[in-house]
Amino acid sequence: MRVLVVGSGGREHALAWKIAQSDEVKEVLVAPGNVGIGSEPKCRVAAVSSDDIGGLTALARSEKVDLVVVGPEAPLVAGLADALRGAGLQVFGPSADAAMLEGSKVFAKRLMDKYEIPSGYFEVFDEYGAAAAYLERISGPIVVKADGLAAGKGAFVCSDKNEALAALNTIMKDRAFGDAGNLVVIEECLIGEEASFIAFTDGKDVLPLASSQDHKPVFDGDKGPNTGGMGAYSPAPVVTPEVDDRIMREIMIPTVRALEAEGKPYVGFLYAGLMIKDGKARVLEFNARMGDPEAQPLLFRMETDLVELMVAAIEGRLGRMSIRWEPLDAVCVVMASGGYPGSYQKGKPIQGIEKAGAIDRVKVFHAGTGLEDGRFVTKGGRVLGVTAKAAGIADAVELAYRAVDEISWEGVHFRRDIGRKALHRD
Ligand code: AMP
Ligand code: GLY
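Remember, it's a predicted structure, so these values are computed and weren't measured experimentally.

Would you mind going over the site of ligand 1 with me for this structure?
Around ligand 1, 14 residues are found, and the nearest of them are Glu187, Glu188, Leu190, Glu194 and Glu285. Between ligand 1 and the protein, one listed contact pairs a nitrogen atom with a side-chain N or O atom of Glu187 at 2.8 Å. Measuring from an oxygen atom of ligand 1, one finds a side-chain N or O atom of Lys216 at 3.0 Å. Bound to the protein, ligand 1 loses 92% of the 480 Å² it would expose on its own. At the level of elements, β7 (142-146), β8 (155-158), β9 (184-188) and β17 (280-287) are the ones that each hand at least two residues to the shell around ligand 1. Broken down by class, the residue content of the shell around ligand 1 amounts to six nonpolar, one polar and seven charged.

The following block contains the structure:
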């Protein structure tokens, strides 16, 4: 089999690395990929951008690939999976209609409301004045979100009405996210502990992956602005077997059934961002894809052939599948450019990647790296996802940081407390 993976981040490195391990797979083509992916066995990168729907469809056809796996949300929301299917290709990833679950927060909230899927209360506004008047009447914390895709920056968790009005200004007056801010959702601020719950779905059955937890804020102790994710681990102890069971019954299965009932059957990874409190989970957001960096620890400890699972999802056979996990904990620490998620410099030479990657049970996934004169240099905000696995979360955390400490560049920034929530529990 030949597989095309679309995307260029740490998630796509983990996907390509895992797909390449399948005995069925002869070659993994990754567009546009990154330099870490290009040096993996069986993997090759192709210089086609992940938002070039025509170019990717032409590439998949000319390379005669048997399966296309779409990593990021933007091409899914823009209809890449539909275009590929229209060209007769097998695709793991939702249609544009189904990906609306991530592409429009208004769509997702209304769907949850209609099908009684647990989430916070909300109001939708298409006009600044009415939204501001609503905010004037509330007190306490509130969340203001742009409706459309905003690269993870469109949600503002506000401690009071003044912060909320400032967020509303950013979205509707400054139009910081362009048309993605034509509608805003103002919603209940949920409290508790977050977890990422990701599953395969074929449109009817739901096969959950192990639980995981991301660390979104940039600084230790969950301080500072939100990022795409500064680290993740799996499994997440907040998702006990009872909580897992409730999430499946109350959220994952009802959501997949709801989309089917709405005529938007969903095939791919479905990711629910959850807030968990007193054993009950409520939905913060849905994503139409695998998480980044959750993909790194999840795929690093997955034993089952990923391609078999993806093909089963495409063929509607997930009900008969199961997933085996190594009985280990896995931790990914994201190493980022100084300044991220704000502006940062590129082109800093990176030392120590090979040394870190040579440690047993450690894998260094690349995200924003480049090659200059044969040396690895920084090329993005999130640069590397240093991932380790061990028996027990404490040892996995220690091993991940041992590998992180081998790697350096000017201005490097990473959190020192990834996995701490799993370590210190009541
Ligand atoms: P989103 O852009 O929807 O993924 O939200 C990004 C982050 O904002 C989430 O991971 C949460 O930490 C936080 N967040 C989003 N919605 C809420 C909410 N309703 N209540 C509390 N925190 C939220
Ligand atoms: N790690 C959060 C996300 O992928 O959206």
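Help me out: how do you make sense of the sheet that holds strand β19 (residues 362-366) in this one?
Paired through their backbone hydrogen bonds, the strands of a sheet run either parallel or antiparallel. The strand order across the open sheet built from five strands is β12-β15-β18-β22-β19, with neighbouring strands paired in antiparallel fashion. Looking at the sheet topology across the chains shown, the edges are occupied by β12 (213-214) and β19. Taken together, the five bridges between β19 and strand β22 (residues 382-390) define a ladder with antiparallel strand orientation. Within the sheet, the bridge partner assigned to Val362 lies in β22 and is Ala388.

Help me understand empty space enclosed by the protein in this model?
Empty space left among the atoms is revealed by rolling a probe the size of a water molecule over them. All told, the structure shown has two cavities of 30 Å³ or more when counted by the stated rule. Its volume calculated, the largest cavity comes out at about 80 Å³. Forming the boundary of the largest cavity are Leu101, Glu102, Ser104, Lys105, Ala108, Lys109, Met112, Lys145, Glu187, Leu284, Glu285 and Phe286. For the lining of the largest cavity, the elements supplying multiple residues, two or more each, are α6 (96-103), α7 (105-114) and β17. With four residues, the top contributor of residues to the lining of the largest cavity is α7.

Teacher, can you tell me more about the sheet that holds strand β4 (residues 67-70) here?
Pairing is parallel in the open sheet, where five strands are placed in the order β3-β2-β1-β4-β5. Every interior strand has two partners, whereas the edge strands, β3 (43-45) and β5 (91-92), have only one. Both β4 and β5 contribute to a ladder of two bridges, which runs parallel. For Val69, the partnering residue across the bridge sits in β5 and is Phe92. On top of the sheet, helix α1 (residues 10-20) reaches β1 (2-7), β2 (27-32), β3 and β4; it is set at about 170° to β1, its chief contact. The strands that helix α3 (residues 53-62) touches are β1, β2 and β4; relative to β1, the one it contacts most, it runs at about 165°.

Looking at this model, I keep getting lost on the nonpolar core. Mind explaining?
The nonpolar side chains of a soluble globular protein tend to be buried with one another. By size, the foremost hydrophobic cluster in this structure holds 79 residues, and its most contacted members are Ile251, Met252 and Leu384. Not counting residues within four places of it along the chain, the set of residues in contact with Met252 comprises Phe197, Ala199, Val206, Ile247, Leu270 and Ala272. Grouped together as the second largest cluster of nonpolar side chains are 40 residues, Val25, Ala210, Met302 and Val307 included.

Would you mind going over the site of ligand 2 with me for this structure?
The immediate surroundings of ligand 2 are formed by Asp214, Lys216, Gly228, Tyr271, Asn287, Arg289, Gly291, Asp292, Pro293 and Glu294. Within the side chain of Arg289, a nitrogen or oxygen atom sits 2.8 Å from an oxygen atom of ligand 2. Between Asp292 and ligand 2, the recorded distance is 2.9 Å, taken from a backbone N or O atom to a nitrogen atom. Bound to the protein, ligand 2 loses 91% of the 200 Å² it would expose on its own. Of the residues belonging to the shell around ligand 2, the class tally is two nonpolar, three polar and five charged.

Would you take a moment to explain the pattern of salt bridges for this structure?
By the definition in use, this model includes 28 salt bridges. A salt bridge links Arg289 to Glu73, with the shortest nitrogen-to-oxygen separation between them at 2.8 Å. Taken as a pair, Arg289 in the loop between β17 and α11 (295-300) and Glu73 in helix α4 (residues 73-77) lie far apart in primary sequence, 216 residues in all. Considered together, Arg289 and Glu73 belong to a single accessibility category, that of buried residues. Salt bridges linked by common partners bring Arg2, Glu27, Arg44 and Glu63 together as one network.

Explain the packing of helix α8 (residues 128-136) against helix α9 (residues 161-173) to me, please; I cannot follow it from the model alone.
The geometry of a pair of packed helices is captured by two quantities: the angle between their axes and the separation between those axes. Two elements in contact, α8 and α9, have axes separated by 10 Å at closest approach and are oriented at 170°. When the axis of α8 is compared with that of α9, the two are roughly antiparallel. Side by side, α8 and α9 meet where Tyr128, Ala131, Ala132, Leu135 and Glu136 of the first sit next to Lys161, Ala164, Leu165, Leu168, Asn169, Met172 and Lys173 of the second. Tallied by class, the residues present in the contact of α8 with α9 amount to eight nonpolar, one polar and three charged.

Conventions we followed
- Numbers given to residues run from 1 along each chain, matching the order in which its sequence is written.
- Labels follow written order: the first chain is A, the first ligand is 1, and so on.
- Given that the model is predicted, a residue must reach a pLDDT of at least 70 before its local features are reported, and side-chain atom pairs must reach 80 or more before they are shown or counted; all residues, however, enter totals for whole chains, interfaces and linings.
- Working from all heavy atoms in the structure, the side-chain values ignore hydrogens and water.
- One heavy atom suffices: a residue is near a molecule or strand as soon as one of its heavy atoms comes within 4 Å of it.
- By the criterion applied in these results, polar contacts are pairs of N or O atoms within 3.5 Å in which, for protein atoms, one can donate a hydrogen and the other can accept it, and in which residues neighboring in sequence qualify only through two side-chain atoms.
- The Shrake-Rupley method, run with a 1.4 Å probe sphere, supplies the accessible areas, and residue values consider only the shown protein chains as cover.
- In DSSP terms, a helix is any run of H or I states spanning at least four residues, a strand is any run of E spanning at least two, and both are numbered starting from the N terminus.
- Gly counts as polar in this scheme, as do all residues outside two lists: the nonpolar Ala, Val, Leu, Ile, Met, Phe, Trp, Tyr, Cys and Pro, and the charged Asp, Glu, Lys and Arg.
- For two strands to be treated as a pair, DSSP must find no fewer than two bridges joining them.
- Cavity: a set of points on a 1 Å grid over the protein atoms alone where a 1.4 Å probe fits but cannot get out. Pocket: an open set with protein on both sides within 12 Å along at least five of seven lines, its lining residues, like those of a cavity, having an atom within 4 Å of a point.
- Grid points are joined across faces, edges and corners, and a volume is the space filled by probe spheres set on the points.
- In this description, contact between two residues means that some pair of their heavy atoms is separated by no more than 4.5 Å.
- Each axis is a line fitted through C-alpha atoms, taken for helices only over the stretch in contact, and angles between the N-to-C directions span 0 to 180 degrees.
- To qualify as a nonpolar core, a set must consist of buried Ala, Val, Leu, Ile, Met, Phe, Trp, Tyr and Cys residues joined through side-chain atoms within 4.5 Å.
- With a 1.4 Å probe rolled over the protein chains alone, any residue whose accessible area is under 20% of its type maximum counts as buried; one over 50% counts as exposed, and the rest are partly exposed.
- Each reported salt bridge corresponds to a side-chain nitrogen of Lys or Arg within 4 Å of a carboxyl oxygen of Asp or Glu.
- In this scheme, roughly parallel covers angles under 35 degrees and roughly antiparallel covers those over 145, while 65 to 115 is roughly perpendicular and the rest are oblique.

Function cannot be inferred from these measures alone, as they are strictly geometric.
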